[in-house]
Every structure is written in C-alpha cells, then in structure tokens.
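# A look at the structure
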Amino acid sequence: MSVRVRFAPSPTGFLHIGSLRTALYNYLFAKHHGGTCILRIEDTDRTRFVEGAIEEQISSLAWAGVTFDEGPHVGGNHGPYTQSERFDMYREYGMKLVVNGTAYYAFDTAEELDAMRVRQQAAGIAPKYDRSAMRNQYTLGEQETQRLLSENAPHVIRLKVPLHQDVRFSDEIRGEVIVNGREIDDQILLKSDGFPTYHLANVVDDHFMEITHVIRAEEWLPSTPKHIILYQAFGWEPPTFAHVPLLLNPDRSKMSKRHGDVMVRDFAKKGFFPEALVNFVALCGWNPGSDNEFYSMQELIDTFTLDRVNKAGAVFDYQKLNWMNGEYLKRRDVHDLARELHPVLVERGYTYIDPAYVAEVIELVRERVAFLGDIAEFADYLFGDTLEPLTETGAASLSGNDTLTTALDTFRQGLDAASLADADAFKGLAQRAAESAGIKMGAFMKPLRLVLTHREVGADLFRTVQLLGHTRCLARLNAYLSR
RNA sequence: GCACCGUUCGUCUAGGGGUUAGGACACCGCUCUUUCACAGCGGUAACACGGGUUCAAUUCCCGUACGGUGUACCA
C-alpha cells in the first residue's frame, strides 16, 4: 500500500514554525516513500476562524518548499479537503456510533459541566465527564432522550469509552503506549452547533482519505487513545501513528511568541533563506546519524526516516539558526544573491548597484554577515556616494595627528597621480605613504579605513579601495583632508 | 491532582554493555594576513539520581527526581 500522509492545520492564524516542521516531516516521509502528501484544513471551530489564514499558511509552506499532492488548493480525488465542506459526513458517522452503542446523547449545559469539574476538583479527583450523574441518554432514559431530541433541545454526542479496557497502540517514535480506559474522557464528538470536534473529524477524514501514517506533534499523544477507540467503534483499521517531539522555548516550555519569532512569515521577513530554515528545523529533533549539517531538500527526502526522529523536545536555538543562514549566504551563487539584494539597494536609494558590481561587493563581504539584507547596511559605503557621519571615537582617533594627515595626503597624491587598478597596487601605495610619513602600516590602515568608509571594521581594505575606485576614494580623502 | 511522554556538554545532537563519550552552535585562547574582522588551530564543558542484571553499565530493567504535554462543545 502506498504511503499517504496529511498535514492538517486549522486556519486560526499564521503558520507556526513548529507546524512547518511537522508539515516538513510529513512531506519528507511521503516523498521518501514515493507517497502522497495531503493538506487538509481543520476548520471545525467556527469561533476561531481567521480570514486569509489558509492562504497565508499555504504560501508560507510553499516558500519553505513544502508542497502538497492533494488539498483544497490543488484538488485530488479524496476531497473535499476542508472539513467545513464535509459537514454532513461527520453527523452521519457520529450517528452510526449512537446507533451501534459506542456514542450517546448528552444535554448538559456549559454551566452544568463547569459545576461538575468544580465538584470533582474539590473532591480531589480527575476532571472527567461523569456519565452516570450528568444529563444524558443513560441517566435520562430513552423516552426522555427522544422527547428532548424532538423538542430540538441543545445536545452533543459523546464517545462512550469502554471503562474496563486498556487502550494500546504502537507509536513509531515512542513505541508501545498503553492507557487504561478509566483514564479516558467521554469526549464530545459532535458539538451542539452540529460541527464535529477534532477527534471525530480527524478519524473520519483520515479513514476516508486513506491516510496510512499520522505524523503529528507530541501534544496529540494524550488524546490518541480516544482516536483508537473511535477506530474500534467504527470497525476501521487505525493508521500508524508517529508523534514528533515539540519545539521548545529556552525555558523548555512549548515554543511560543514570548521568546522571539515563531511564525514562518516572521523568519521570511527577517531575511532567512528558506533552505536554511528548512535545513535547521529538519535537524531539530531528527538527524541522519552523520556529522554533516547541510542538507538540500532532496537530501532530506533521501535520508529521512521516522526511526531517527528523537523522543525529547528540542530547544529552538535562534543563534545557531543565524549561523546556518550565514553558511547558506556563503554558499549561494553571488549573482542570484545580487539579484535578490537589488530591490533593497534600490529602496535605500543607492547609486552603485550595477549587478556585476553588487556581486563583487557581496563576494567581498558576505562572510562577515549572516543575512543578505545585512550587506546593504554593512557595505553602504560601497553602494552610495555619501557616508554616514563619523562616530565620535572615530573622529577622535583621527584628529590632532600631523604625521597621519601627512600619510593620508601622500596616499591621496599617489592616487591622483596614477591610475591604479588592483588591490596589491593600492596596498603598495599605502605602504609607501605610511613609510614616508614614518608610521607603521598597521597604524595607517585603521585611519585610512575610517576616512574611506567611516567604519572601523570591514572587509579587506584594499579590495574595498579597488571596488570604491579612484573617484570615490579621492573624493572621500579630499573631503577629509580639506575639512 | 491525575494520565501520558521525556532526560548525553549552556543549546542541537552522534554513540551505545568494555570509547580518551564524537560533531555543530555559543564561549575562551592562539596563529595568520604589517588593521578590525574572516579563516585556521586549540581549549573549557555532558551521560539527572538510586537500586538491580552483568565479569563489565552512560548504554538493559525498576524506582526516584526533574521537566514537558494533556486533562475544553480548541485544534
């Protein structure tokens, strides 16, 4: 049987980085096995629906390179792929369970349920639907139940959990999991608004969409026994489950907004390369058993297996992600990068943005920054005519030093006299200028950089001079010397 | 509280009955290009604890501790 997996987000907002990883693992697993990766929208909670969320999530996924073979946006022959469009199915299958005695009607109000939980907490017992004391099919009797139903009294359908039975399943990542039936709540399957809960919809859909492997976040592990019971109640074969570990905050709680960016769109906006993010996130909780840390999507597909997914949650290390992005910056094709950087340079109003020139600048400085966008800022003196003002300490280090001024002036005259073209020639010129003024080369380079770029750090100085060219160097030297 | 899941350097991880417990990020140091960086080299740093099993346990088993998740008419 061919592998079929699904990623099933709910349209409640932007795509979370943890969701991206779950989607990625599904995608990698499917592609590794030549299977099918399906997108399903779980929009059964009408109160949390966010307009545009589906489109945003799909585009975030596509940005990262995760695409789907079936889904609301691409079709497929197991649709519809949006749960709200499958509304009738859930009612139908929920009713089948009522008929076969594995689910039942309940009429409790929210207040009654709250009161029940308060009572249970006060008594020190686990909050759980009390089938024998609440208002339901069993306590009310068939007649009263039918009467309430005929009156259209608000009601839900609950799963009748077998109390004296261990529920067991084998998780691909965690192994055998066994839970006693008495620990499992009589979960609501159909809400009073007629919509299914996640639990029912998920099981019905996974069955009819012929899902073979459910790869989802660990937070679903505690409710999996309910799903197993549902499969049993329907007489269906459950899929294989694999619960992947959570992405964590530095304090080891579930990764959330409080500690930094968590939405995929935020990472994109910050300038992360999708390849770097995917590479990094794939390695958070999985690794192929090799020291290599760099994987293209195809290499991930080739090497991904569930048995190498870790059990423990992984703290999301932003610092290491930055490093990885820098590595991609160093490896990417400079001309592609120049093209990508172009709009930023235009926006900043720079004049020296010829593609070939920009590529040279990128080549020169990219090993010093982690983001492509940083280059515009880092090397602004190479893209524009005007310099940012000197810092106070920079200005102070230049002032009141006549020999330095002499050396700078000598360097300027040398530039003026000859048309030098390569970095070594500029270096020779600088050496002679320093020597004739009687200062060390080392003492000359820093001020020279300062005058030419108004920065204390930067790429190789003489390559910088070369890229700047005679005109701009002269202009800057003159501006300083005649201040 | 109860249930489930987890625990190798600060972080991501490799490993696995007998290893100098490996790599990466971060951090520190050194070297180098007569500058700042980059790079290269080196360093600090881990098997949560207690019992078993075994000739031998970080590795297997059981507890404990700690942490996480779940405990909704949310997903």
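Residues numbered from 1 in each chain as written. Chains lettered and ligands numbered in written order. Predicted model: local features only at pLDDT ≥ 70, side-chain atom pairs only at ≥ 80, totals over all residues. Heavy atoms only, no water.

## Section: the domain arrangement of chain A
Put simply, the rule is: An automatic or database domain assignment supplies the start and end points of every domain. By definition, the buried area sums, over both parts, the 1.4 Å-probe accessible area that each loses when the two are put together. Here, a salt bridge means any side-chain nitrogen of Lys or Arg that lies within 4 Å of a carboxyl oxygen of Asp or Glu. Nitrogen and oxygen atoms within 3.5 Å of one another constitute a polar contact, given that in protein one can donate a hydrogen and the other can accept it, and given that sequence-neighbouring residues count only through two side-chain atoms. Numbering goes from the N terminus for both helices and strands, where a helix is a DSSP run of H or I of at least four residues and a strand is a run of E of at least two. Residues are sorted three ways: Asp, Glu, Lys and Arg are charged, Ala, Val, Leu, Ile, Met, Phe, Trp, Tyr, Cys and Pro are nonpolar, and all the rest, Gly among them, are polar.
Looking at the assigned domains, one finds that chain A contains domain 1 (1-71 + 245-331), domain 2 (87-190), domain 3 (332-383) and domain 4 (392-482). A separation of 29 Å is found between the C-alpha centroids of domain 1 and domain 3. Together domain 1 and domain 3 conceal approximately 920 Å² of surface at their shared face, both sides included; 62% is due to carbon and sulfur atoms. On the domain 1 side of the interface with domain 3, the three residues burying the most area are Phe273, Leu329 and Lys330, jointly 58% of the side's total. Here domain 1 is connected to domain 3 by 0 salt bridges. Connecting domain 1 to domain 3 are 5 residue pairs in polar contact (both at pLDDT 80 or more). It is helix 11 (residues 318-331) that contributes the most residues to the side of domain 1 that touches domain 3, 7 residues altogether. Taken together, the residues of the side of domain 1 that touches domain 3 sort by class into 4 nonpolar, 4 polar and 4 charged.

## Points about the pairing of strand 5 (residues 166-171)
Heads up, the condition is: Partly exposed residues are those whose accessible area sits between 20% and 50% of the maximum for their type, while under 20% is buried and over 50% is exposed, using a 1.4 Å probe and protein chains only. When DSSP finds two or more bridges between two strands, those strands count as paired.
Only one face of strand 5 is buried, namely the one carrying Val167, Phe169 and Asp171, since none of Asp166, Arg168 and Ser170 on the opposite face is buried. What sits between strand 5 and strand 6 (residues 175-180) in their antiparallel hairpin is a turn of 3 residues.

## Comments concerning the pattern of salt bridges
Within the structure shown, the criterion is met by 31 salt bridges. Residues joined by salt bridges that share partners form a network here, namely Arg6, Arg40, Glu42, Arg86, Asp205 and Asp206.

## A few points about the protein's contact with RNA strand B
Just so we agree on the cut-off: Whether a residue is near a molecule or strand depends on its heavy atoms: it is near if one of them lies within 4 Å of it.
Around RNA strand B sit 62 residues in total, of which Lys191, Gly285, Asn287, Glu293 and Arg368 are the nearest. For RNA strand B, the fraction of atoms within 4 Å of the protein that belong to sugar or phosphate moieties is 71%. Here Arg174 contributes a side-chain N or O atom positioned 2.6 Å from a sugar or linking oxygen of RNA strand B. With respect to RNA strand B, the side chain of Asn287 contributes an N or O atom lying 2.4 Å from a sugar or linking oxygen.

## Description of the environment of Ala123
Mapped onto the elements of the fold, Ala123 is located in the loop between helix 4 (110-122) and helix 5 (137-150). We classify Ala123 as exposed; its relative accessible area is 55%. Residues Ala123 and Val177, 54 residues apart in the sequence, show an inter-C-alpha distance of 29 Å.

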